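# Coordinate inspection notes
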Amino acid sequence: MKKKNRTPSRPPLPTDHKTLLKLLREAKRPVSPEDLLPVLGLHRRKRGEIDDMLKDLVAEGKLIQLGRAYGLLERMNLITGKVQIQRSGVAFLIPDDPRRKDVFLGQDTAGAWHGDRVAVAITREHATRNHEGRVVRIVERGRNVLPVRVMRAAGDRSLLCRPTDPRLDFAILAEGVDPGLGLHKGDIALAAPGEQLDPALWAGVILSRLGPESEAKVQESLVKANHGVPTGFPDDALAEAAALPQVPAEADYLGAGARREDLRALPFVTIDGKTARDFDDAVFVEKKAKGYVLWVAIADVAHYVPLGSALDREAYERGNSYYFPSSVEPMFPQALSNGLCSLNPGVPRLSMVVRLDMTARGTPGEVRVMNAVILSHARLTYSRARDVCVDKLPEARAELLAEVESKIGATGGAKAGAKAGAAVLAMLDAAEALARKMRQRRIERGSLDFDLPEGEVQFDADGQPTSVIPKVRHFAHQLIEEFMIAANEAVSEFLQAHALPCMYRVHAAPDREKLETLYTLLARLDGEAAPKRAKPGRFSDEDFTPEALGRLLASVSGSEREFLVHRMVLRSMKQAKYQPENEGHYGLASESYAHFTSPIRRYADLIVHRLLKRALGDHSLPVPGFKKLAEMGQHLSARERVSQEAERECHKRYVCLVLRGQEGREFAGVVTGLMDYGFWVELTEVLSEGFIRLSTMLDDYYGYFKEREMLLGQRTGRVIRAGQAVRVKLIGAHLDRLEIDLEMVLDQKGAPRTDGQDGQAGSAPPRASRRERQANEDRRRTEQARQKRQGQGKSSGSKSPGGRNAVGQKTGGKKAGGPKSGGKPGGR
């Protein structure tokens, strides 16, 4: 008989990503694929499969490749994140872990581009400012395709190109270019970069031609490519969308299993922009004896998009819809976003509805959430809603009445049509009254209101931009905002009451140091007239509450300080984000807030809808864990930032197109920011910033006083501050650099001219106050004493005549030329 094997061989370990991570943790050192094969009980022929799985883990940021071996990123004291390169060329790491501060990388990114995911080693730690680090590994390229501008031919079928993103400071040599593409100098193309040829040159392959740089549609296409905005849907997602019905089935909204309230008789209306096609929300307000009832109906996207479906996966990857001046890249195919899910007028639509009891003062009471079916009675634009329920124009009201009577009467009869028309008008009047009370209550609790103008691009018949005008905002916009904020708060609290998690919309408290700087600056500028601190002599928490900031903003409303204060408060604000931990919404002064009202265009809202359905009894929907929700929130916040950056870049490109050919034209502007080498001016006509370099200021030498946020002329004492109205001349609008160059317009005496109409000079530019002149003199003396201590009391330069300048400085008898103002030397 054969002897029994008392130590039988162990069955091979499962070969998956989880097992590989476990083995690397147990090894406590970097491990090569050759080390893993015997441990897994695999033949060397399986080496390729192990390599692929290890590379997958590298792409996920869990491993880092070290020559032939792989190590755990968590054990290597490295930080992973994305590279963010500023226009100046300075780079930062935005860590994957949102609890970490950004890491300063300087200008050496070891070949990493803006948007690349990298691993960084900390080289120097600081207690109060950003740590410093260096890139040790590029984990994943942020972009595999780059929009490029053709610079010139570089030989037979070869082109030298440069990326259109000004933060990518290198050239691409594309060889073997297809002549059929018809590429010429100045055209925009898409290129796949290859290997690096030298520090400033990469090889590449031209994939397609977008067209001439001067065309608007080309600019939008390159912005989408620059930011990785998806422009097409995968086939499986389109197939799922095509399989959905054109209209809801009767069983969907009347079947007992669906548990839907039939609200089709209620006169809901939608109020949206003129060009909107995806109607997420509809509202209805009832006036009661002791208050109001607010109904907010939101498209029931979750009913048609199952969790884990192809449509759901694609929507999650996109994170949100992307809006551009002449196009939209929706989160869902148009069959859903503009069709089945959109609350179009006159057709039944599945909805999730929030019913809110409101007191006569606009305070919320009891909340109900339900699955429902509604029928929108009218589609109103903001301007039409203003005419009907704010200005109450008789012609507009009669027109709406006739429209509703005709639409409802076509199916329900003339009597039903007349009743519905009157109900819609009465409802809109009640909605306007309720919204005003709700807004007043929200402002009283400390909600901040930054009603800053936005630009709207105007196009000609050929689709080319002709101008940029401010978007008109009025109370009809605020009416919808108040109702949506109330619904979002109600839903957040509803999920909390049902002990369910939520994807909260969190807005953290602002940067305290920046607000302290603002308060200190106002105290220096305005003395006793400046806003007072809660506790004299020091800052306290009471100075930084939403109520305190609200009082600060109200105190400068309509004054010369309004622009400066609004800008500095905005810069102190942190970006709102999605997360499963409720930390409140500072800007809205809300203790609990979530996004619920736009599931057609925001995936975070879809998550909330599914959790609401779970609360209403649909146990087929799983409850995501905290860790899963945190990962999703981080991804969705990142996609939101991509959308915002893409929209800002697109607006800047359109402004450059509008301004090209207008060099020499004068514009009114407002100073928005200062540096030691120049300052930014927002052109009020096109709502975009340009830059004035101090080297172009010929009336004086200007020094930058950071602590006072001003530029001060050394000879004349003229002051340039944020918020100051100025008159500027356009020097150039550069699409390649995305920059607008300006220079100050001078009056007949050579002084900078402030804003005036039709070439008329405005008021004289401000001069330094007595306190500012004294501070400047003190600073000059301190700098002189410091230089003497260092043996550098004398400075070389040209002789100047004797006397004193406007701030009391001696200008003659000694050599002049150094930074005598005591400010940082900022050029001319």
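Just so you know, these numbers come straight off a predicted model, no measurement behind them. Once a new chain begins, its residue numbering starts again from 1 and follows that chain's sequence as written. Local features in this predicted model are restricted to residues of pLDDT 70 or higher, and side-chain atom pairs are both shown and tallied only at a pLDDT of 80 or more, whereas totals for entire chains, interfaces and linings draw on every residue. Excluded from the side-chain calculations are hydrogens and water; all other atoms, namely the structure's heavy atoms, are used.

### As for the overall build of the chain
What counts, and what does not: Each helix is a run of H or I in the DSSP string that is no shorter than four residues. Each strand is a run of E no shorter than two, and both are numbered from the N terminus. The classification of residues rests on relative accessible area computed with a 1.4 Å probe and restricted to protein chains. Under 20% of the type maximum is buried, over 50% is exposed, and intermediate values are partly exposed.
In terms of regular secondary structure, the chain is built from 19 helices and 36 strands. Split into buried and exposed, the 828 residues of the chain put 48% on the buried side.

### Remarks on helix H11 (residues 394–412)
What counts, and what does not: Multiplying 1.5 Å by the residue count of a helix minus one yields the expected span of that helix. We call two residues in contact when some of their heavy atoms are within 4.5 Å.
For H11, built from 19 residues, the straight-helix expectation of 27 Å at 1.5 Å per residue is met to within 8% by its first-to-last C-alpha distance of 26 Å. Taken as a whole, H11 has its buried residues at Ala396, Arg397, Leu400, Val404, Ile408 and Gly409. For H11, the elements touching its buried residues are strand E20 (364–375), strand E21 (378–381), helix H10 (382–390) and helix H12 (414–444). With its phi angle positive at about 100°, Gly413 sits one or two positions after the end of H11.

### Some remarks on the packing of helix H1 (residues 17–27) against helix H2 (residues 33–40)
Heads up, the rule is: Helix axes are fitted to C-alpha atoms over the stretch in contact, other axes to C-alpha atoms as well, and angles between N-to-C directions run from 0 to 180 degrees. What sets the label is the angle itself: under 35 degrees gives roughly parallel, over 145 gives roughly antiparallel, 65 to 115 gives roughly perpendicular, and the rest give oblique. Under this grouping Gly is polar, as are all residues other than the nonpolar Ala, Val, Leu, Ile, Met, Phe, Trp, Tyr, Cys and Pro and the charged Asp, Glu, Lys and Arg.
H2 packs onto H1 with a crossing angle of 105° between their chain directions and a minimal axis gap of 12 Å. Classified by the angle between their axes, H1 and H2 sit roughly perpendicular to one another. Between H1 and H2, the residues in contact are Thr19, Leu20, Leu23 and Leu24 and Leu36, Val39 and Leu40, respectively. Classifying every residue of the contact of H1 with H2 by side-chain character gives 6 nonpolar, 1 polar and no charged.

### Regarding the packing of aromatic side chains
Put simply, the rule is: To pair, rings of Phe, Tyr and Trp, with the six-membered ring standing in for Trp, must have centres within 6.5 Å; the planes then decide the type, stacked if under 30 degrees apart, edge-to-face if over 60, and tilted in the middle.
Applying the stated criterion across every chain, the model contains 13 aromatic pairs. Consider the rings of Tyr519 and Phe539, whose centres lie 6.1 Å apart with planes at 45°: the pair is tilted. Residue Tyr519 is found in helix H14 (residues 512–526), and its partner Phe539 is found in the loop between H14 and helix H15 (546–555); the two are separated by 20 residues along the sequence. Tyr519 sits in the buried class, given a relative accessible area of 8%. In this structure Phe539 comes out as buried when scored by relative accessible area, which is 18%. Three or more aromatic residues joined by ring pairs form one cluster here, namely Trp113, Phe170 and Trp202.

### Quick word on the nonpolar core
The criterion, for reference: Put simply, a nonpolar core is a bunch of buried Ala, Val, Leu, Ile, Met, Phe, Trp, Tyr and Cys residues held in one set by side-chain atoms that sit within 4.5 Å of each other.
Ranked by size, the top nonpolar core spans 99 residues in total, and within it Leu294, Leu428 and Phe483 carry the most contacts. If one sorts the elements of this core by residue count, helix H13 (residues 475–497) sits on top with 12 residues. Within the second largest apolar cluster, 41 residues are counted, among which are Leu674, Phe679, Ile692 and Met744.

### Focus: H12
Between its terminal C-alpha atoms H12 stretches 46 Å, which fits the 45 Å expected from 31 residues at 1.5 Å a residue. Of the residues trailing H12, Gly446 is marked for its positive phi of about 110°.

### Description of the environment of Tyr578
Considering the arrangement of structural elements, one finds Tyr578 in strand E25 (residues 577–579). In sequence terms Tyr578 and Leu636 are 58 residues apart; their C-alpha atoms lie 7.0 Å from each other.

### Quick look at the packing of helix H8 (residues 310–318) against helix H18 (residues 626–659)
In contact at an axis separation of 8 Å, H8 and H18 are set at 60° when each is read in the N-to-C sense. The orientation of H8 with respect to H18, classified from their angle, is oblique. Residues Tyr316, Glu317 and Arg318 of H8 touch H18, and the partners they reach there are Glu631, Met632, His635, Leu636 and Arg639. Of the residues contributing to the contact of H8 with H18, the split by class is 3 nonpolar, 1 polar and 4 charged.

### Topic: the pattern of salt bridges
Here the idea is simple: oppositely charged side chains can pair when their charged atoms come close. Let me state the cut-off plainly: A side-chain nitrogen of Lys or Arg and a carboxyl oxygen of Asp or Glu constitute a salt bridge if their distance falls within 4 Å.
Counted by the stated rule, this structure contains 51 salt bridges. Of the charged contacts in the structure, one is a salt bridge between Arg141 and Asp116, with a shortest N-O distance of 2.4 Å. Residue Arg141 is found in the loop between strand E7 (132–140) and strand E8 (146–153), and its partner Asp116 is found in the loop between strand E5 (103–106) and strand E6 (117–124); the two are separated by 25 residues along the sequence. Judged by relative accessible area, Asp116 falls into the buried class, the value being 0%. Across the salt bridge formed by Glu432 and Lys392, the nearest N and O atoms sit 3.6 Å from each other. Note that Glu432 is positioned in helix H12 and Lys392 in the loop between H10 and H11, a separation of 40 residues in sequence. The structure contains a network of salt bridges with shared partners spanning Lys392, Arg397, Asp429, Glu432 and Arg436.

### Looking at the side chain of Gln579
The cut-off we apply is this: Polar contacts, as counted here, are pairs of nitrogen or oxygen atoms within 3.5 Å of one another; within protein the pair requires one atom able to donate a hydrogen and one able to accept it, and residues that are adjacent in sequence qualify only if both atoms are side-chain atoms.
By the element assignment, Gln579 lies in strand E25. Of note is the side chain of Gln579, whose polar atom sits 3.4 Å from the side chain of Glu583. Once you skip the residues sitting within four places of it in the chain, Gln579 turns out to touch Cys502, Met503, Tyr504 and Val506.

### Description of the sheet that holds strand E11 (residues 187–198)
The condition is simple: Two strands pair if DSSP finds at least two bridges between them.
Reading around the circumference, E8-E9-E10-E12-E11 is the order of the 5 strands in this closed barrel, with mixed pairing throughout. On average, each strand axis in the sheet is tilted by 50° relative to the strand beside it, whichever way the strands run. Alignment of E11 against strand E12 (residues 201–212), held across 9 bridges, turns out to be antiparallel. Paired with Gln196 across the two strands is Trp202, which belongs to E12.

### A closer look at a nonpolar patch on the surface
Convention followed: Surface patches are drawn from residues lacking salt bridges whose relative accessible area is over 30%; two like charges belong together within 9 Å, two nonpolar side chains (Val, Leu, Ile, Met, Phe, Trp, Tyr) within 5 Å. Per-residue and other accessible areas were derived by the Shrake-Rupley procedure at a 1.4 Å probe size, with only the shown protein chains allowed to occlude residues.
Among the surface-exposed residues, Val145, Val205 and Leu207 lie close enough to one another that they form a single nonpolar patch of about 230 Å² accessible area. Counting through the fold element by element, Val145 comes out in the loop between E7 and E8. By relative accessible area, Val145 is classed as partly exposed at 30%.

### Considering unusual backbone geometry
Here the phi dihedral of Ala499 falls at roughly 55°; this positive angle occurs in a residue that is not glycine. As for its position among the elements, Ala499 is in the loop between H13 and strand E24 (504–506).

### Quick word on the pairing of E21
On E21, burial covers both faces: Ala378 and Leu380 on one face and Arg379 and Thr381 on the other are all buried. Here strand E14 (residues 269–272) runs beside E21; their pairing, made up of 4 bridges, is parallel. Within the sheet, the bridge partner assigned to Asp272 lies in E21 and is Thr381.

### As for the environment of Thr231
Mapping Thr231 onto the fold places it in the loop between helix H4 (216–227) and helix H5 (235–243). Placed 98 residues apart in sequence, Thr231 and Glu329 show a C-alpha to C-alpha distance of 6.1 Å. Beyond its immediate stretch of four places on either side in the chain, Thr231 contacts Lys224 and Glu329.

### Concerning the confidence of the model for the chain
Segments scoring low in pLDDT should not have their predicted coordinates read at a detailed level. How we decide: Each residue carries a pLDDT score, the predictor's confidence in it, ranging from 0 to 100.
On average, residues of the chain score 86 in pLDDT, and 88% of them are at 70 or above. When the criterion is pLDDT under 50, residues 756–762 qualifies, and its contacts beyond four places in sequence or with other chains add up to 8 contacts. The low-confidence segment residues 792–828 (pLDDT under 50) makes 85 contacts with residues lying over four places distant or belonging to another chain.

### Quick notes on the environment of Glu640
Tracing the backbone shows Glu640 in helix H18. Along the sequence, Glu640 and Tyr578 sit 62 residues apart, while their C-alpha atoms lie 9.9 Å from each other. Contacts of Glu640, omitting those with residues within four sequence positions, involve Asn320, Arg505, Ala576 and Tyr578. At a separation of 2.8 Å, a polar atom in the side chain of Glu640 contacts the side chain of Arg505.

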